[in-house]
Amino acid sequence: MTNTSRRGPLISAGIFLGIGLGGFVDGIVFHQILQVHNMLSNRIPPSDLVSVKINMTWDGYFHAGVWAMTVFGLLRLFRAGQQRDVPWSGRTLLGAMIAGWGLFNLVEGTINHQILGLHHVVESASNKLPPDLAFLASGVIFLLGGSALIRAASHDAAPRGEAR
Amino acid sequence: MKWSAASLILSVVLFKNATAAACPQCRPRVAAGVYNQDFGTNLLVLLLTLAVLFAIGIGTYYVDALNAKSGKGKGNDT
């Protein structure tokens, strides 16, 4: 690969896909399957059917947002695929997606759990801090792991159709 | 992004009047609980995280320029 190659477009696409899909994991696992919190469950406690449905509506707006992030990531990936100076590396894309998921957990956990207090990971827990910290820690681990994979792939330069 | 924003706005317009249609008894109370004076604030705080993440994602697009500026890109292929 020449010195003019750019990895930014592929990394950016992966980051957006990771953020979007990480948001869906949060929604599917924590909101729907485990039902341990909703987006505004610390503000509007889901104590009866109406408040549960109000929370469900706000979850829907959140999911619409992460859906938009995922679509934006797909569009960026398509664009990156059209640019000849972008090395086509599966490891870079995977690393960026993992880092994007980590970014989601880290930023969502910091802003929504710690600063704004919109909800906590396990709303019914007597001590909400340990699950919140575990969520933040998962973000750091994913971010570091994804970044390491991106760095490891810094010399990937497979021709189109032969991505590693 | 233009299309994503447009589809989000379209969803709000379409679904605003369909809130809790599956539960006719509680529908008015749910709609009143969502689309009240706090709607804008709630939507804003909900989307704040995504706005921050969006900014970070856009920033990563320019990772090559940043690396080149800091001298990291010198001598390698990134």
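Note that the coordinates shown come from a computational prediction; the quantities given were computed from them, not determined experimentally. (Residues numbered from 1 in each chain as written. Chains lettered and ligands numbered in written order. Predicted model: local features only at pLDDT ≥ 70, side-chain atom pairs only at ≥ 80, totals over all residues. Heavy atoms only, no water.)

Peer 1: I'm lost on the overall build of chain B in this one. Help?
Peer 2: The secondary structure content of chain B amounts to four helices and zero strands. If you list the helices and strands of chain B from N to C, you get α-α-α-α. For chain B, the proportion of its 78 residues judged to be buried stands at 28%. With the model as given, the accessible surface of chain B reaches about 4900 Å², and the carbon-plus-sulfur share is 68%. (Helix = DSSP H or I, 4+ residues; strand = E, 2+ residues; numbered from the N terminus. Buried < 20%, exposed > 50% of the residue type's maximum accessible area, 1.4 Å probe, protein only. Areas by Shrake-Rupley, 256 points an atom, 1.4 Å probe, with all protein chains shown as cover.)

Peer 1: Even after reading the chapter, I still don't get the packing of helix H1 (residues 8-33) of chain A against helix H2 (residues 49-82) of chain A, so can you show me in this structure?
Peer 2: Packed helix pairs are characterised by how far apart their axes lie and by the angle those axes make with each other. Residues and elements named next belong to chain A. Two elements in contact, H1 and H2, have axes whose closest approach is 8 Å; the angle formed by their N-to-C orientations is 155°. Comparing the axis directions of H1 and H2 gives the class roughly antiparallel. Between H1 and H2 lies a crossing whose hand is left-handed. Of the residues contributing to the contact of H1 with H2, the split by class is 16 nonpolar, eight polar and two charged. (Axes fitted to C-alpha atoms, helices over the stretch in contact; angles between N-to-C directions. Parallel < 35°, antiparallel > 145°, perpendicular 65-115°, else oblique. Left-handed = near helix turned anticlockwise from the far one by under 90°. Nonpolar A, V, L, I, M, F, W, Y, C, P; charged D, E, K, R; others polar.)

Peer 1: Teacher, can you tell me more about helix H2 (residues 27-34) of chain B here?
Peer 2: Turn by turn, an α-helix covers 3.6 residues, leaving residues three or four places apart pointing in a common direction. Taken together, the buried positions of H2 of chain B are Val30, Gly33 and Val34 of chain B. The arc that holds every buried residue of H2 of chain B, seen down its axis, measures 95°, which confines them to one face. Contacts from the buried residues of H2 of chain B go to H2 of chain A together with helix H3 (39-61) of chain B. (Arc of directions from axis to C-beta. Contact = heavy atoms within 4.5 Å.)

Peer 1: What is the right way to read the pattern of salt bridges from this model?
Peer 2: Two side chains bearing opposite charge may form a pair once their charged atoms approach each other closely. Residues and elements named next belong to chain A. Inspection of every chain in the model, using the stated rule, returns two salt bridges over all chains. Between Asp156 and Arg91 there is a salt bridge, with the nearest N and O atoms lying 2.9 Å from each other. Here Arg91 lies in helix H3 (residues 90-115) and Asp156 lies in the segment after helix H4 (129-152), a separation of 65 residues in the sequence. For Asp156, a relative accessible area of 3% corresponds to the buried category. Note on Arg91: relative accessible area 32%, which makes it partly exposed. (Salt bridge = Lys/Arg side-chain N within 4 Å of Asp/Glu carboxyl O.)

Peer 1: What exactly am I supposed to notice about the nonpolar core here?
Peer 2: The tendency in soluble globular proteins is for nonpolar side chains to be buried as a group. Ranked by size, the top nonpolar core spans 33 residues in total, and within it Ile15, Ile54 and Trp58 of chain A together with Val34, Leu46 and Leu53 of chain B carry the most contacts. Secondary-structure elements contributing two or more residues to this core are H1, H2 and H3 of chain A together with H2 and H3 of chain B. Considering every element that reaches this core, the biggest residue donor is H2 of chain A, with eight residues. Leaving out residues up to four positions away in the same chain, Val34 of chain B has contacts with Ile54, Thr57 and Trp58 of chain A together with Phe39 of chain B. Ranked by size, the runner-up nonpolar core spans seven residues in total, among them Ala13, Leu77, Ala80 and Val86 of chain A. (Core = buried A, V, L, I, M, F, W, Y, C linked by side-chain atoms within 4.5 Å.)

The values reported here are purely geometric and, on their own, carry no functional implication.
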